[in-house]
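Here are the chains, one letter per residue:
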Amino acid sequence: GNPMSSIMFGTNNILVNSNTSGDFLLAADSATTNYYDVNTITFDRNTPSWTFQVGSNNVLRLAKAGALFLRVNNAGNTCIIGQGANGANGTATGAGFITAGGSVVNTPGQLTIINDTTGSSSTQNWDLDSQIIDNGTGAVTLVKAGPGFIKLRNHNSYSGGTYILQGRVQLANELSGSGTLPDV
């Protein structure tokens, strides 16, 4: 099928429903930086082991108060945003970037990650391999909500702080760099 970028606009809310299967792509790898704006993305897939491939040099930019929502009500899912295939982790190279603040560069934003899965172990989680970055000079704040587990696996450089409302966050830093978690 077509990459998700073909339906993305700054005011859209996208639902990836349970009728989709396999991995899916934001946009193909690129030699230059490309921004793809969307308000929110909801993943409503009970299918375990899938990857949303952002693509090398691609930036998934959510709204000023944008969200990524994994709305799954069962345990046993491992899902990846970044690189890799079939829910298996990829590498830092090509994992792409995630930010918030809307389509105007240098605007601060809040990135809310909501994981509603009921699994409680590190093998039943939502891995974010893409780097979370500021929107130009606009600070991005990360908010974790929902009972599910998320794992931040890359060197993230967002500067707006981190708020954990529910669930768990694992800072794996397994891919590259020696980053720290900004203000929790």
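Below or above, wherever it landed, is the structure these notes cover. Note that the coordinates shown come from a computational prediction; the quantities given were computed from them, not determined experimentally. (Residues numbered from 1 in each chain as written. Predicted model: local features only at pLDDT ≥ 70, side-chain atom pairs only at ≥ 80, totals over all residues. Heavy atoms only, no water.)

## Brief notes about the nonpolar core
Turning to step 1, where the next piece is worked out: With 33 residues, the main nonpolar core has Ile41, Phe43, Phe52, Leu68, Ile81, Leu111 and Trp126 as its most contacted residues.
Turning to step 2, where the next piece is worked out: Apart from residues lying up to four places away in sequence, Phe43 is in contact with Val16, Phe24, Trp50, Phe52, Leu68, Phe69, Leu70, Arg71, Val72, Ile81 and Trp126. (Core = buried A, V, L, I, M, F, W, Y, C linked by side-chain atoms within 4.5 Å. Buried < 20%, exposed > 50% of the residue type's maximum accessible area, 1.4 Å probe, protein only. Contact = heavy atoms within 4.5 Å.)

## Digging into the pattern of salt bridges
Turning to step 1, where the next piece is worked out: Counting across every chain of the model gives three salt bridges.
Turning to step 2, where the next piece is worked out: A salt bridge links Asp129 to Arg153; the shortest N-O distance between them is 2.6 Å. Remark: Arg153 occurs in the loop between β14 (149–152) and β15 (162–164) and Asp129 occurs in the loop between β11 (125–128) and β12 (131–132); sequence separation between them is 24 residues.
Turning to step 3, where the next piece is worked out: Classification of Arg153 by relative accessible area gives buried; the value is 6%. (Salt bridge = Lys/Arg side-chain N within 4 Å of Asp/Glu carboxyl O. Helix = DSSP H or I, 4+ residues; strand = E, 2+ residues; numbered from the N terminus.)

## Observations concerning the layout of surface pockets
Turning to step 1, where the next piece is worked out: Roughly 170 Å³ of internal volume is contained in the largest pocket.
Turning to step 2, where the next piece is worked out: Along the wall of the largest pocket there are 13 residues; nearest its centre are Asn2, Met4, Ile7, Thr20 and Phe24.
Turning to step 3, where the next piece is worked out: A per-element tally of the lining of the largest pocket places strand β1 (residues 13–16) first, with three residues.
Turning to step 4, where the next piece is worked out: Here the residues of the lining of the largest pocket are counted per class, giving seven nonpolar, five polar and one charged. (1 Å grid on protein atoms, 1.4 Å probe; cavity = no way out; pocket = protein on both sides within 12 Å on 5 of 7 lines; lining within 4 Å. Points joined across faces, edges and corners; volume = space filled by probe spheres on them. Nonpolar A, V, L, I, M, F, W, Y, C, P; charged D, E, K, R; others polar.)

## Points about the packing of aromatic side chains
Turning to step 1, where the next piece is worked out: Under the defined criterion, the tally for this structure stands at six aromatic pairs.
Turning to step 2, where the next piece is worked out: Each residue in the set Phe24, Phe43, Trp50, Phe52 and Trp126 is aromatic and connected to the rest through ring pairs, giving one cluster. (Phe/Tyr/Trp six-rings, centres within 6.5 Å; stacked < 30°, edge-to-face > 60°.)

## Regarding the side chain of Asp37
Turning to step 1, where the next piece is worked out: Along the chain, Asp37 turns up in strand β3 (residues 34–43).
Turning to step 2, where the next piece is worked out: Among the polar contacts listed, one links the side chain of Asp37 to the side chain of Arg61, at a separation of 2.6 Å.
Turning to step 3, where the next piece is worked out: Among all residues touching Asp37, those that are not within four sequence positions of it are Met8, Phe9, Gly10, Arg61, Gly102 and Ser103. (Polar contact = N/O pair within 3.5 Å; in protein donor to acceptor, adjacent residues only side chain to side chain.)

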